[in-house]
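Next come the chains, spelled out residue by residue.
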Amino acid sequence: MDPITHAVVGGLIAQALLGRQWPRSAWVLGALAGMSPDLDIFFTGHSLIASLFHRGPTHSIALLPVMAGLCLLPWLLRAATRTHLWRAYGVAMLGVASHLFIDTCTSFGTMVYWPFSPTRVALDWVPIVDPIFTLSLIGLLCAALWRKQLRWAGVGLAVCALYFSLGAIQHERVMTSQTALAATRGEVREHGRVTPTFGNMWVWRSLYRTQDDLVADAVRATWSAPQVAEGTRVPRPAASTYPTTATGALFLKFTDGFVLPYGTQDGAQIWADARYSLDTRGFVPLWGMRMDVDGRAQRITLASRLGHSLWETWCLQFGTTQAYRPLTECLSGPLGPAGVPSGHHNIPSPHNSHSDTGAAHSG
Ligand SMILES: [Zn+2]
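All values derive from a computational prediction rather than experimental measurement. (Residues numbered from 1 in each chain as written. Predicted model: local features only at pLDDT ≥ 70, side-chain atom pairs only at ≥ 80, totals over all residues.)

Asks: In this structure, what is going on with the overall build of the protein chain? I would like to understand it.
Replies: Counting its regular elements, the protein chain contains 10 helices and 9 strands. Of all intrachain contacts in the protein chain linking residues separated by at least 6 positions in sequence, the fraction that spans at least 24 positions is 62%. (Helix = DSSP H or I, 4+ residues; strand = E, 2+ residues; numbered from the N terminus. Contact = placed C-beta atoms within 7 Å.)

Asks: So what exactly am I meant to see when it comes to the packing of helix α2 (residues 26–35) against helix α6 (residues 85–104) here?
Replies: Helix-helix packing is described using two parameters, namely the angle between the two axes and the distance between the axes. Between α2 and α6, the least distance of the axes is 7 Å, while the angle of their chain directions is 40°. As far as their axial angle goes, α6 and α2 are oblique. As for the relative orientation of α2 and α6, their crossing is right-handed in sense. Contacts from L29, G30, A33 and G34 in α2 reach A88, V91, A92, G95, V96, S98 and H99 in α6. Residues belonging to the contact of α2 with α6 are distributed by class as follows: 6 nonpolar, 5 polar and no charged. (Axes fitted to C-alpha atoms, helices over the stretch in contact; angles between N-to-C directions. Parallel < 35°, antiparallel > 145°, perpendicular 65-115°, else oblique. Left-handed = near helix turned anticlockwise from the far one by under 90°. Nonpolar A, V, L, I, M, F, W, Y, C, P; charged D, E, K, R; others polar.)

Asks: What is the right way to look at the sheet that holds strand β6 (residues 268–273) in this model?
Replies: Sheets are built from strands that pair by backbone hydrogen bonding, the pairs being arranged parallel or antiparallel. If you trace the 4 strands from one edge of the open sheet to the other, you get β5-β6-β7-β8, paired in antiparallel fashion. Only two strands of the sheet have a single partner each, and these edge strands are β5 (259–265) and β8 (297–301). Within the sheet, the average angular offset between the axes of one strand and its neighbour, ignoring direction, is 30°. Direction of pairing for strand β7 (residues 287–291) relative to β8: antiparallel, over a ladder of 5 bridges. Across the sheet, W287 pairs through a bridge with T301, a residue of β8. (Pairing = 2+ DSSP bridges.)

Asks: How should I be thinking about the sheet that holds strand β2 (residues 203–209) in this particular structure?
Replies: Read from one edge of the open sheet, 5 strands run β1-β2-β3-β4-β9, paired in antiparallel fashion. If you trace the sheet from one side to the other, it starts and ends with β1 (191–196) and β9 (324–326), each paired once. Shown here is a sheet whose adjacent strand axes are inclined to one another by a mean of 30°, direction ignored. Two elements, strand β4 (residues 227–235) and β9, share 3 bridges in a ladder whose sense is antiparallel. Looking at β9, one finds that A229 is bridged to Y324.

Asks: Sorry if this is basic, but what is going on with the confidence of the model for the protein chain here?
Replies: Low pLDDT marks regions whose predicted coordinates should not be analysed in detail. For the protein chain, per-residue confidence averages 84 on the pLDDT scale, and residues scoring 70 or more make up 84% of the total. Low pLDDT, under 50, characterises residues 336–363; the predicted model gives this stretch 66 contacts beyond four residues in sequence or across chains. (pLDDT = per-residue confidence, 0-100.)

Asks: Would you take a moment to explain helix α7 (residues 131–146) for this structure?
Replies: The end-to-end C-alpha distance of α7 is 22 Å, a good match for the 22 Å that 16 residues give at a rise of 1.5 Å each. Note on α7: the residue one or two positions beyond its end, K148, has a positive phi of about 55°. (Expected span 1.5 Å × (residues − 1).)

Asks: So what exactly am I meant to see when it comes to the nonpolar core here?
Replies: One broad rule of soluble globular proteins: the nonpolar side chains tend to lie buried together. Core analysis: the largest hydrophobic core is formed by 46 residues, its most contacted members being L12, I13, A14, L29, V91 and A92. Those elements that place two or more of their residues in this core are α1 (3–18), α2, α5 (64–76), α6, α7 and α8 (151–184). By residue number, the principal contributor to this core is α1, which donates 9 residues. Once you skip the residues sitting within four places of it in the chain, V91 turns out to touch I13, A14, L17, L18, L29 and G30. With 39 residues, the next largest nonpolar core counts F254, Y262, I270 and A297 among its residues. (Core = buried A, V, L, I, M, F, W, Y, C linked by C-beta atoms within 7 Å. Buried ≥ 20, exposed ≤ 12 C-beta atoms within 10 Å, placed from the backbone.)

Printed below as a string of structure tokens:
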């Protein structure tokens, strides 16, 4: 998630557990610990390798005690603040752990088991950015600090517990819907993911691959039974066409195999990360990899604005669109236009290709 959310959650933990002992600076330690794993961005910059290694070692359980110790250093240096140090160290550990947990709950993939395993854990429970959640927590932390009442920090942590529990429940509901959707279409799903869309947990991007295709739909899961706005199907690239370099293989693994060939630019081949799309039920990827003929690879930004109207997006989120139908009505009928939407080949020039897109770099 974004650094502000990490800082606020860390601050709430510290204020609840250390607020009495360190009334003035507990939340600062918590915020520092909460943000610390994202320090890797400063070391790796905005290159492709940086994207592929973000949420790497600094997000691992193995380095958690070290990260917590580093955050505590400023308090160790001053004799006046060397009190309740073991408690403070425990709080710093919890702050770093909260970061690992929150990142694991998003879709980006976090290497919590490094160096024992390079597996990226992505539970897909919550959006990478959720302003309403973040603002609510900021309000509760401010109340805890301003009124000097620790119970507000406790309320903030209870809100977090409810939020992530809701994400887990919603994920289960939408995943069940995706299974039913593929079965209704008579398709064998090789691998599927469902991810909440920006800032909410009721509209989800459903993405799965069959032997031949990648399929994206929007699923809306509110109080009633989930409904589906059928989306887009694109042919899956043949395995023999995948990039064979070490970076290419890393990119494939990083994207969980959801990659799409996205045209060429000056002879270089563009591969898109199909997990993220500006169009929930289509393929308007945010970023990808540009692979030169000599095997050099770099990060490239692919889409930065919607190919369809904001009104359409609003309707998809809040349900005034006719596109949503009950699962039982989603027969094997035609999905949206086959192929990648128009504008597909609007690839920015290489000198713009390092700019960040948010989704690919969010803490
Ligand atoms: Zn992070």
